[in-house]
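# Descriptive analysis of the structure
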Number of protein chains: 2
Amino acid sequence: MDRIPILKMGQFLLVTIQIDLYDRIALNLETDLVQMIHKTGARGVLIDISAVSIVDSFMGRILGNIATMSKILDAETVVVGMQPAVAITLVELGLPLNGVFTALNVERGMILLQSRLASDPDEEEDEDDNPE
Amino acid sequence: MDRIPILKMGQFLLVTIQIDLYDRIALNLETDLVQMIHKTGARGVLIDISAVSIVDSFMGRILGNIATMSKILDAETVVVGMQPAVAITLVELGLPLNGVFTALNVERGMILLQSRLASDPDEEEDEDDNPE
């Protein structure tokens, strides 16, 4: 099992990280995710890291990469389920996860993504009262 | 990482199996899942096995156990994302996954759970036209 499954849930993609992200797994995840965004037209990516108890600069960089790649393909990234200790470590390591949104759990992450989509002027179906 | 995270999504719980289920992980998963059903009052459990390429009788038994435990706590279990080769192996092993519903992917699994909830006479809010 050297690939992390990506689940499509409506307009969003969900990835649950349960294993240590070493080089090959991380590269596969990045490739699979951009291909999946391209294929499905997903508007958001939720990355659940509730099973991750230790975070390092590599993991921080991968999350940042994913967020940047997704953004280029017009999808926002939300990291959800971060353990308190991981949040402390990230700040102590000086990795504030720039460009990545965070939410306490998947449900709140979905609400965040939906509210961002709703406030996006390109999203016609959610903006019926758009003045233009 | 010796625990598989359980994600709450509305009325349902979602578990993504990405690692080999050996004894301790499987027991932890069973325990965590029944506690989570009890805590959240979830009505359905989605188990994504899209990352599982090899299935054996132990895995089949664990899935069956989870379905039985969940059913006792009034939650249905749907196994989603099964790879074609896994379906073949299950039948060849003589493990037809009794008591477990299956669906092609998470989205279809959610629709299946929602339709089962809607047809459940106990579920008042979804049965406004109930003759009783």
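Right above here is the structure, for reference.
Residues numbered from 1 in each chain as written. Chains lettered and ligands numbered in written order. Predicted model: local features only at pLDDT ≥ 70, side-chain atom pairs only at ≥ 80, totals over all residues. Heavy atoms only, no water.

## Some points on the relation of the copies chain A and chain B
One copy of the chain maps onto the other through a rotation about an axis followed by a shift along the same axis. Overlaying chain A on chain B yields an RMSD of 0.0 Å, the required transformation being a rotation through 180° with an accompanying axial translation of 0.0 Å. Considering both components of the superposition, the chain copies are consistent with a two-fold axis. Of all interface residues in chain A, 100% are interface residues in chain B too; the two copies therefore contact each other through one and the same surface. (Least-squares fit on C-alpha atoms with pLDDT ≥ 70 in both. Contact = heavy atoms within 4.5 Å.)

## Structural notes on the interface of chain A and chain B
Contact with chain A, which involves 20 residues of that partner, is made by 20 residues of chain B. Summing the contributions of chain A and of chain B, the shared interface buries around 1,800 Å²; its carbon and sulfur component is 63%. Across the chain A-chain B interface, the total number found is 2 salt bridges. For Lys8(B), the salt bridge goes to Glu107(A), with nearest N and O atoms at 3.3 Å. At the boundary of chain A with chain B, the tally comes to 6 residue pairs in polar contact (both at pLDDT 80 or more). Taken together, the elements giving at least two residues each to the side of chain A that touches chain B come down to β1 (6-9), β2 (12-16) and α4 (106-118) of chain A. Of the residues contributing to the side of chain A that touches chain B, the split by class is 11 nonpolar, 4 polar and 5 charged. (Buried area = accessible area lost by both parts, 1.4 Å probe. Salt bridge = Lys/Arg side-chain N within 4 Å of Asp/Glu carboxyl O. Polar contact = N/O pair within 3.5 Å; in protein donor to acceptor, adjacent residues only side chain to side chain. Helix = DSSP H or I, 4+ residues; strand = E, 2+ residues; numbered from the N terminus. Nonpolar A, V, L, I, M, F, W, Y, C, P; charged D, E, K, R; others polar.)

## Notes on the packing of helix α1 (residues 23-40) of chain B against helix α2 (residues 57-72) of chain B
Residue and element names in this part refer to chain B. At a minimum axis distance of 10 Å, the contact between α1 and α2 shows a crossing angle of 15°. Comparing the axis directions of α1 and α2 gives the class roughly parallel. Note on packing geometry: the crossing formed by α1 with α2 is right-handed. For the pair α1 and α2, the contacting residues are Asp23, Ala26, Leu29, Glu30, Leu33, Val34 and Ile37 in the first and Phe58, Ile62, Asn65, Ile66, Met69 and Ser70 in the second. Class assignment for the residues of the contact of α1 with α2 results in 9 nonpolar, 2 polar and 2 charged. (Axes fitted to C-alpha atoms, helices over the stretch in contact; angles between N-to-C directions. Parallel < 35°, antiparallel > 145°, perpendicular 65-115°, else oblique. Left-handed = near helix turned anticlockwise from the far one by under 90°.)

As far as function goes, none of this settles anything; it's purely spatial.
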